[in-house]
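Examining the three-dimensional arrangement
Residues per chain, in single letters:
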Amino acid sequence: MRIGVFLIAAQFPGQEPGRVLADAVELIVAAEEAGFDDAWIAEHHFMSYGVCPSAITLAAVAAGRTARIGLGTAVSVLSTQHPVALAEQAAMLHHLSGGRFTLGVGRGGPWVDLEVFGTGLERFERGFGESLDLLLDALRGDRVAAGGEFFRFREVRMVPGARMRPVVACTSEATVALAAERGLPMLLGMHIGDGEKASMVARYGSAGGHIAAAVGHVADSTAQAVRELKESMPRWLGPGLASYVPVDERPRPARDVGEYVDLLTRIHPVGSAEHCAESILRTAENTGIEHVILMVEGLGDHRRTLENVRRFGAEVLPMVRRAGRAGSPDGLSSPRAPVSG
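Residues numbered from 1 in each chain as written. Predicted model: local features only at pLDDT ≥ 70, side-chain atom pairs only at ≥ 80, totals over all residues. Heavy atoms only, no water.

**What about helix α10 (residues 257-267)?**
Each α-helix winds once per 3.6 residues, and so residues spaced three or four apart point in a common direction. Note the following rule: Per-residue accessibility, obtained with a 1.4 Å probe over protein chains only, is compared with the maximum for each type, and a residue is labelled buried under 20%, exposed over 50%, and partly exposed between these values. Strands are runs of DSSP state E lasting at least 2 residues, helices are runs of H or I lasting at least 4, and numbering of each runs from the N terminus. Directions drawn from the helix axis to the C-beta atoms are what define this arc. Counting of polar contacts relies on pairs of N or O atoms within 3.5 Å, with two restrictions inside protein: one atom must be capable of donating a hydrogen and the other of accepting it, and residues adjacent in sequence are counted only when both atoms are side-chain atoms.
All of the buried residues in α10 are Val257, Tyr260, Val261, Leu264 and Thr265. Projection of α10 onto a plane perpendicular to its axis shows the buried side chains occupying an angular sector of 130°, all on one side. Across α10 from its buried face, at more than 90 degrees, point the exposed residues Glu259 and Arg266. The residue sitting at the N-terminus of α10 and contributing the capping side-chain oxygen is aspartate 256; that oxygen lies 3.1 Å from the backbone nitrogen of glycine 258.

Next comes the structure, spelled out in C-alpha cells:
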C-alpha cells in the first residue's frame, strides 16, 4: 500500500495565513522523515477553510525542501485555470522534482472564484470535459492546438514538454465516467465512506491506481483521538465551510458541522495506532484502493500535528506495511487483491 498525507493548509481561528503555509511545508518535510510515500496539497480561494490558492506553487517549494517523497495536487481547480498554462507548470515541476510530482485536477464548485478569474459558470457546468482533454493533449504531446467551445488557438509547441498522467477528483457519476473513459485514476474525497468509494470504483470498472482521502489522527486510545478531533475540528470547519460563496443565486450547501465531524471520526483512521492501521486496511479491502492519503491537520495546533505525523510514521505505517507483506499479523486484516469489472 501507499500511504500519504493530505494537506488542506487549514486556518484555525487566530492563525496567520503565512504561518499556516510555512507550517504546511514543514509538515511535508516531517512526512518524508516519517516514511510517508507522498504528500498531496489542496487548493482553495478566498476562504479560511484552506489558505493555499496555488497547490502547485506550494508543491514546488516542498520539492526544494525534500528529496524522496512524492508530491501531488489534490487538487488544482481546472475550472478556474487555463489547461495549457497548468500543463506548463506541471511539466516544470515534473522536471525540477526529478519526476516526483503528480498533477491532480478537479472541476471545483460553483463558487465566486469563477467570477473573479473570469472563467464563468458555463465553463464550470459544461466545459470540464473539454478542459480535461486539452490538459491531456498538452501533457502527452510536443504540440497542442484547440478548436472547441471554450478554447480556440493555433498549434503551439509545449516547452518544456513532459509526459504525465493526471489524477481526477471525482464526486459525481459524470466525473467518474470522464475519468474512466480517459483511463485516469480517481481521487475520492474524505467526505464519503468505504461504501460510496467502492460504488464509484465499481462504476469506473477497475480499482487500479485510485486514491482515497481520509482523516487521520492517532492517540493513545480511540476514545481520546475521537474526543480531541470533536473538540478541535468544529472551530475550523464552522467558519471554513461558511466561506464558500456561490457565484450565482443558488443557496450555499448546508452541513451540520457536529454531525460531519462525528461522521469523519467514525469512518476514518481516527484512534489508537492499531485502530488506525485496521481502518486503513479495511478501506483497501472494502474498496480495492491501495493508496490512502490522510488529512492530519485536524487538531489545529502545529506542534501536535507534527506529533501526529511522526506517530503515524512510527506506530501505524509499520503495521500497515507488515500486514500488506505477510497476511494478517497482530490481528490485522490484509487487503484483498484489486477488483475489476
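What follows picks up the thread again.
**Comments concerning the packing of helix α8 (residues 194-204) against helix α11 (residues 273-287)**
Quick note on the threshold: Only the contacting stretch of a helix is used when fitting its axis, a line to C-alpha atoms as for every element, and angles between N-to-C directions run 0 to 180 degrees. By definition, any crossing whose near helix is turned counterclockwise from its far helix by less than a right angle is left-handed, and any crossing with a clockwise turn is right-handed. Contact definition: two residues touch when any of their heavy atoms are within 4.5 Å. Here the nonpolar group is Ala, Val, Leu, Ile, Met, Phe, Trp, Tyr, Cys and Pro; Asp, Glu, Lys and Arg are the charged ones; every other residue, Gly included, is treated as polar.
Relative to each other, α8 and α11 sit at 35°, their axes nearing to 9 Å. Judged by the sense of rotation from one axis to the other, the crossing of α8 with α11 is right-handed. Between α8, through Asp194, Lys197, Ala198 and Val201, and α11, the contact on the second element is made entirely by Arg282, Thr283, Asn286 and Thr287. Partitioning the contact of α8 with α11 into residue classes produces two nonpolar, three polar and three charged.

**Concerning the layout of surface pockets**
Counted only if it meets this: Only protein atoms enter the 1 Å grid, on which a cavity is a set of points fitting a 1.4 Å probe that cannot get out and a pocket is an open set with protein on both sides within 12 Å along at least 5 of 7 lines, lining residues being those with an atom within 4 Å of a point. Grid points are joined across faces, edges and corners, and a volume is the space filled by probe spheres set on the points.
For the largest pocket, the calculated volume is near 1,300 Å³. Contributing to the lining of the largest pocket are 42 residues, with His44, Trp111, Thr171, His191 and Tyr244 lying nearest its centre. Elements supplying a minimum of two residues to the lining of the largest pocket: α4 (113-116), β10 (186-188), α9 (222-242) and α10. A class-by-class count of the residues in the lining of the largest pocket yields 24 nonpolar, 13 polar and five charged. Looking at the second largest pocket, its volume works out to about 170 Å³. Contributing to the lining of the second largest pocket are 14 residues, with Ala10, Gln15, Val20, Asp23 and His302 lying nearest its centre. Only α1 (17-34) and α12 (302-326) provide two or more residues apiece to the lining of the second largest pocket. Tallied by class, residues from the lining of the second largest pocket come to six nonpolar, four polar and four charged.

**Focus: the UniProt feature "domain: Luciferase-like" (unreviewed entry) in the chain**
Counted only if it meets this: UniProt positions are given in the numbering used here, feature names are shortened, and annotations may be inferred rather than shown by experiment.
The positions UniProt marks with the feature "domain: Luciferase-like" (unreviewed entry) are residues 1-290. As annotated, residues 1-290 comprises 47% helix and 16% strand, and the C-alpha atoms at either end are separated by 5 Å.

**Focus on the sheet that holds β10**
For the record, the criterion: Strand pairing is assigned whenever DSSP identifies at least 2 bridges connecting the two strands.
Reading across from one edge, β4-β6-β9-β10-β11-β14-β1-β2-β3-β5 is the order of the ten strands in this open sheet, with parallel pairing throughout. Sheet topology places β4 (76-77) and β5 (101-102) at the edges, where each strand pairs with a single neighbour. As defined by bridge partners, strand β6 (residues 104-106) adjoins strand β9 (residues 167-169) across two bridges and the pair is classed as parallel. Note that in β9 the partner of valine 105 across the bridge is valine 168. In this fold α1 packs onto β1 (2-7), β2 (38-41) and β3 (70-73), with an angle of close to 170° to the strand it touches most, β1. Contacts between helix α2 (residues 55-65) and the sheet are confined to β2, β3 and β5, with β3 contributing the most and set at about 170° to the helix.

**So, empty space enclosed by the protein**
Any empty space left between atoms is shown by rolling a water-sized probe over those atoms. On inspection of all chains with the given rule, the structure shows one cavity of 30 Å³ or more. In this model, the largest cavity occupies a volume close to 50 Å³. Forming the walls of the largest cavity are Ile192, Gly193, Asp194, Lys197, Ala212, Ala213, Ala214, Ile267, His268, Pro269, Thr283 and Val292. If you tally residues by element for the lining of the largest cavity, the top one is strand β11 (residues 211-215), at three residues. Broken down by class, the residue content of the lining of the largest cavity amounts to seven nonpolar, three polar and two charged.

**Brief notes about unusual backbone geometry**
Here the amide bond leading from alanine 74 into valine 75 is cis, since omega sits at 5°, within 30 degrees of zero. Following valine 159, the chain continues to proline 160 via a peptide bond in cis, the omega torsion being -5°. Structurally, the position occupied by proline 160 is in the loop between β8 (152-157) and β9. Of note in this structure, alanine 9 is not a glycine but carries a positive phi near 55°. Within the secondary structure, alanine 9 is located in the loop between β1 and α1.

**Some points on the side chain of threonine 305**
Note that threonine 305 resides in helix α12. A relative accessible area of 4% means that threonine 305 is categorised as buried. Every residue in contact with threonine 305, bar those within four places of it in the chain, is listed here: Leu27, Val296 and Glu297.

**Structural notes on a nonpolar patch on the surface**
Definition in use: Note that patches include only residues with greater than 30% relative accessible area and no salt bridge, and the join distances are 9 Å for like charges and 5 Å for nonpolar side chains (Val, Leu, Ile, Met, Phe, Trp, Tyr). Throughout, the Shrake-Rupley method with a 1.4 Å probe supplies accessible areas, and for residues the shown protein chains are the sole cover considered. In what follows, salt bridge is the name for a side-chain nitrogen of Lys or Arg lying within 4 Å of a carboxyl oxygen of Asp or Glu.
Together, Phe46, Val116 and Phe117 make up a nonpolar patch on the protein surface, roughly 300 Å² of accessible area in all. Positionally, phenylalanine 46 belongs in the loop between β2 and α2.

**Some words on the packing of aromatic side chains**
Put simply, the rule is: Note on aromatic contacts: the rings of Phe and Tyr and the six-membered ring of Trp form a pair at centre separations within 6.5 Å, being stacked when their planes are under 30 degrees apart, edge-to-face when over 60 apart, and tilted otherwise. We call a charge positioned above a ring when the Lys NZ or Arg CZ atom is no farther than 6 Å from the ring centre and deviates by at most 35 degrees from the ring normal.
Using the criterion set out here, one finds five aromatic pairs in the structure. Ring plane angle 25° and centroid distance 5.0 Å describe the contact between tyrosine 49 and tryptophan 236, whose orientation is recorded as stacked. Note that tyrosine 49 is positioned in the loop between β2 and α2 and tryptophan 236 in helix α9, a separation of 187 residues in sequence. By relative accessible area, tyrosine 49 is classed as buried at 9%. A network of ring pairs unites the aromatic residues Phe12, Tyr49, Trp111, Trp236 and Tyr244 as a single cluster. If you follow arginine 107 out to its NZ or CZ, it ends over the ring of phenylalanine 124, 4.0 Å from the centre. Here the basic side chain of arginine 255 rests over the ring of tyrosine 260, its NZ or CZ set 4.0 Å away from the ring centre.

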